[in-house]
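For reference, the chains in residue letters:
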Amino acid sequence: MKNGRFATVCTILFAIFMLAPIVVVIAVSFTPEGYLEFPPSGISLRWYRAILDNPDFIDAFIMSLKLGLVSATIATVLTVPAALAIGRGSFRGREALQALFLSPLTVPTVVLGISFLRFLSMLGANGTFIGLALCHAVIIIPFVLRLVLASVIGMDPSIEKAAVSLGAKPGTVFRRVTLPAITPGVVGGFVLAFITSFDELTVSIFIVNPSTTTLPVRLFSHIAQTTDPLVASVSTIAILFTVAVMLFVDRLYGLDRLLIGEGKR
Amino acid sequence: MAYLELDSLTKAFGHTLAVDHFSLNVERGEFVSLLGPSGCGKTTTLQMIAGFEEPTSGTIHLNGRDLSGVPARERGLGIVFQTYALFPHMTVSENVSFGLEMRSIRRRERKARIARALDLVHLSPFASRYPRQLSGGQRQRVALARALVIEPELLLLDEPLSNLDAKLREEMQLELRRIQQEAGVTTLLVTHDQNEAMALSDRIAVMQAGHLVQEAAPFEAYENPSNVFASTFLGKSNSIECRIENGAIVTTAGVRLDCPAGAAHTGAALAALRPERISFVDPGEAILSGTVTERVFLGDQWLFKIDTPIGELLVTRRNAGRSEPDTGSTVHLAWQAEHLRILATGDAA
Amino acid sequence: MNPFLLSAPALVLFAIMMVVPLVMTFILSFNSFGFYTGIEMTLGLHNYIDVLTDSYFYEIFGRTFAIALATTIICAIIGTPQAYFLTRMRPFWRSVMVLVTLGPLLISVVVRTLGWAILLGNNGVINNALMGLGLTNSPFRMMYTSGGIVVALVHVMVPFMVLAVWAALQRQDPATQSAAESLGAKPWTVFRRVVLPQAMPGVLSGSLIVFSLSASAFATPSLIGGRRVKVVATTVYDEFLNTLNWPLGAAIAVILLVAVLVIMISWNRIVERRFAGVFQ
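In this text the structure is predicted, and so the values were computed from the model without any measurement.

A. Quick peek at the sheet that holds strand β19 (residues 330-334) of chain B. Ordered in space as β15-β19-β16-β17-β18 (chain B), the five strands form an open sheet in which the pairing is antiparallel. Either end of the sheet is taken by a strand with one partner, and the two such strands are β15 (279-280) and β18 (311-318) of chain B.

What follows is the structure in structure tokens.
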């Protein structure tokens, strides 16, 4: 099948719409001027050097990285057994369990944000790294669950029976057959969870303190006060970082599968 | 000029020729099958006739009209797809009505024609059902009604029975033939199933690797295959490598066999012999003797593999309730010389 | 193994880190707030009465749902044909367009919104282009308007719509389009009568996702709308981190949550009733 001219024109316009804001941010970051201008009057790395004079942003980047890795790890470790239970069992409460673990997608993020704030401040744990990591774990678990669940459901259940019939013990079946079969979903889920945590703003903004400020929160507060090209250069680095992670995933797992998230292919 | 005329139709995908100078004529009202294994180019040929693929070269004429460059929607053909391609969100009668609506036919006439089409395929009671509420055979008939209701100049059937189970397939073969004859529509069937092709068609066109290898009535095609491919694809066949010398067959193992009368061929050849034409006889009347290496019971018949001096031969025998030779026993074989078909091989002298 | 035992670690996390906080927020919404005394552990409906009797809040809720509705409709209009074109593309271009469509999802909303701020500003790319071409003399005001928020939100949300419609379209038999064509349908008729009805479940579920995410969006309305164009999420933020009236903020949040849930559930009902008979 082939698209006609009308479809091609629509697709090109759509692509421009999708890419414009990202391209603009990258272009603006190279301006030599002290304000956001497009197209930039020249090419300069002035605002990349400026990042080095603003350790706030570097600290925030490292904090986001640490937070992403820790919360994605917690989420993955907790979700894989749950996904195995939900994906294969037909037991009472299966639907409810799945709905619960997916519910952070339905509850407005701002509601989760204030709830975490209320809860953590009552415990006196507001702004702590571990509090932040656990909150992020809750909101990224749905992403891990969806991808792991897709590979659990996509797994041919008879391969485990085949392993048992060949004499494998339960632990061996899990290690040698089940786990390798769902690895793509687990890896994909981990990466998607990491990226989601890395980009998260609405929950974090309520529960960070100055020493645990993440990159999106740092950027947001900076943009809300003043828009100098520094935010553009920091954003460009964040974009490049995401692209690098995406390329890595593409090599490892196939980006399409991560993005589509249903393990169709 | 024939009703449907394909003239040296060719389709190239990159460097591979899916269809290679394929020509075929179909007369008005005829039922012709394009038969071949998957990848032989039969589906591509159908797609070109339907207008979903543009031929690389060659022409298609239907009823005197050149179809080159005519979009699929203006060709006015009825097509039954392998998956049936029923519209899942429309009822049976809405599905059948679609083509009539595209032709801006008024409601009253539309209703009458839908009723007639559903009656033809015996589906009148199911008019308001959705496709998913129907069985496979019923869906197939909806697809047929939808294709026929527009009174197409040509009906194209793309493996229409391949999604049905074996028993239903046989029923639908008879049904399809009845509907085609009642509607009197010129029909081209694409299939890989030789039984289907033989049961349904007036003529069979056997395709191999994009070429037409044989075009004949079913009986003729079975009895006189034009080459080795046709002989093995249409039913089972024993192919005996041999040379023809002075009016006799000499197999590669050096055994001399009688040649059928009128075989003008000399040099290297293949002698084709249908398994059901070989019979078990007394030792005195035997042409060859051999040992049964395998015996398979198929219900209505027995299939034997027999090791003989000219190689392994397949023999089938109708199950008449008698006991048959077991594996390891020696059997004596005979056939009539005229049942051998001498086929040229590539290096014929 | 017992499924609940396998799920136990995640269940514990959700019980402590989600259920308890949500319940606490719910209780908080009934407390009262004094400027000098802070949060008082009284129980009453006064916060809800405050919100539901103040036209200021009606305006904010009205604006929020109007923005969400506009975003949803535009996403459906753009995303549905785009998903259809996607199914018809050659594999290479399809991969490219999947990346173009979904890749931005992986980039922080803050960064994407910054891009829109640069594009939409009075001195922004779009206005400079319009004035450079002589199409307008004075800049269109797009920053700090609901329209600007909708444009940026459509960019954030349209991938979800494309994804949902595409999933629905992949379930259809592509031969149905060929069948319609062979029966005489023109491309637009094929789309309207064969493709669109089969894509409808995807359009509806995509609309639901887009609407609920748009109604609770924070970053985009906050950066594009600024202090002038407030929506529910930014109002809650202000109550919590600026005015510090947590109980009132909690009440607004609870109303948002309930409104979103009610809309989602009734939408699902309607969709199920409408399409129950047709699709597997």
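B. Structural context of the packing of aromatic side chains. Summed over the entire model, instances satisfying the criterion amount to 28 aromatic pairs over all chains. Centroid distance Phe206(A) to Phe240(C): 6.3 Å. Interplanar angle 90°. Geometry classified as edge-to-face. Here the residue Phe206(A) occupies a position in helix α9 (residues 204-207), and Phe240(C) occupies one in helix α11 (residues 232-241), the pair thus bridging two chains. For the pair Phe206(A) and Phe240(C), one class covers both residues: buried. By way of ring pairs, the aromatic residues Phe206(A), Phe220(A), Phe218(C), Tyr237(C), Phe240(C) and Trp246(C) are connected into one cluster. The ring of Phe129(A) carries Lys66(A) above its face, with NZ or CZ at 5.8 Å from the centroid.

C. Examining the environment of Leu118(B) more closely. Residues and elements named next belong to chain B. Topologically, Leu-118 is positioned in helix α3 (residues 107-120). Owing to a relative accessible area of 3%, Leu-118 belongs among the buried residues under this scheme. Spatially, the C-alpha atom of Leu-118 lies 32 Å from that of Asp-66, the residues being 52 residues apart in sequence. Once you skip the residues sitting within four places of it in the chain, Leu-118 turns out to touch Val-92, Val-96, Leu-123, Ser-124, Ala-127 and Ala-145.

D. Layout of the interface of chain C and chain B. Taken residue by residue, the interface counts 23 residues in chain C and 22 residues in chain B. Both faces combined, the contact of chain C with chain B buries some 2,000 Å², and carbon together with sulfur accounts for 64% of it. Of the charged contacts in the structure, one is a salt bridge between Glu101(B) and Arg193(C), with a shortest N-O distance of 2.5 Å. The interface formed by chain C and chain B includes four residue pairs in polar contact (both at pLDDT 80 or more). Residue assignment for the side of chain C that touches chain B shows that the elements contributing at least two residues are α8 (175-182) and α9 (187-215) of chain C. A class-by-class count of the residues in the side of chain C that touches chain B yields 11 nonpolar, eight polar and four charged.

E. Inspection of the interface of chain C and chain A at higher detail. With 79 residues of chain C at the interface, the matching set in chain A holds 76 residues. Buried area between chain C and chain A, both sides added, is near 7,000 Å², and the carbon and sulfur share of it is 82%. A per-residue breakdown of the area chain C buries against chain A is headed by Phe14(C), Met17(C) and Leu106(C), which together make up 11% of the total. Our count for the contact surface shared by chain C and chain A stands at zero salt bridges. On inspection of chain C and its partner chain A, the count reaches four residue pairs in polar contact (both at pLDDT 80 or more). For the side of chain C that touches chain A, the elements supplying multiple residues, two or more each, are α1 (3-28), α3 (55-88), α4 (91-102), α5 (109-120), α7 (146-170), α10 (219-225), α11 and α12 (246-275) of chain C. Among the elements that take part in the side of chain C that touches chain A, α1(C) stands out by supplying 18 residues, more than any other. Among the residues forming the side of chain C that touches chain A, the class breakdown is 61 nonpolar, 15 polar and three charged.

F. Quick look at unusual backbone geometry. Residue and element names in this part refer to chain B. A positive phi angle is found at Ser-104, which is not glycine, with a value near 50°. Ser-104 gets classed as exposed once you look at its relative accessible area, which sits at 63%. The phi dihedral of His-122 falls on the positive side, at around 60°, and the residue is not glycine.

Cut-offs used in this document
- Residues numbered from 1 in each chain as written.
- Chains lettered and ligands numbered in written order.
- Predicted model: local features only at pLDDT ≥ 70, side-chain atom pairs only at ≥ 80, totals over all residues.
- Heavy atoms only, no water.
- Pairing = 2+ DSSP bridges.
- Helix = DSSP H or I, 4+ residues; strand = E, 2+ residues; numbered from the N terminus.
- Phe/Tyr/Trp six-rings, centres within 6.5 Å; stacked < 30°, edge-to-face > 60°.
- Buried < 20%, exposed > 50% of the residue type's maximum accessible area, 1.4 Å probe, protein only.
- Lys NZ or Arg CZ within 6 Å of the ring centre and 35° of its normal.
- Contact = heavy atoms within 4.5 Å.
- Buried area = accessible area lost by both parts, 1.4 Å probe.
- Salt bridge = Lys/Arg side-chain N within 4 Å of Asp/Glu carboxyl O.
- Polar contact = N/O pair within 3.5 Å; in protein donor to acceptor, adjacent residues only side chain to side chain.
- Nonpolar A, V, L, I, M, F, W, Y, C, P; charged D, E, K, R; others polar.

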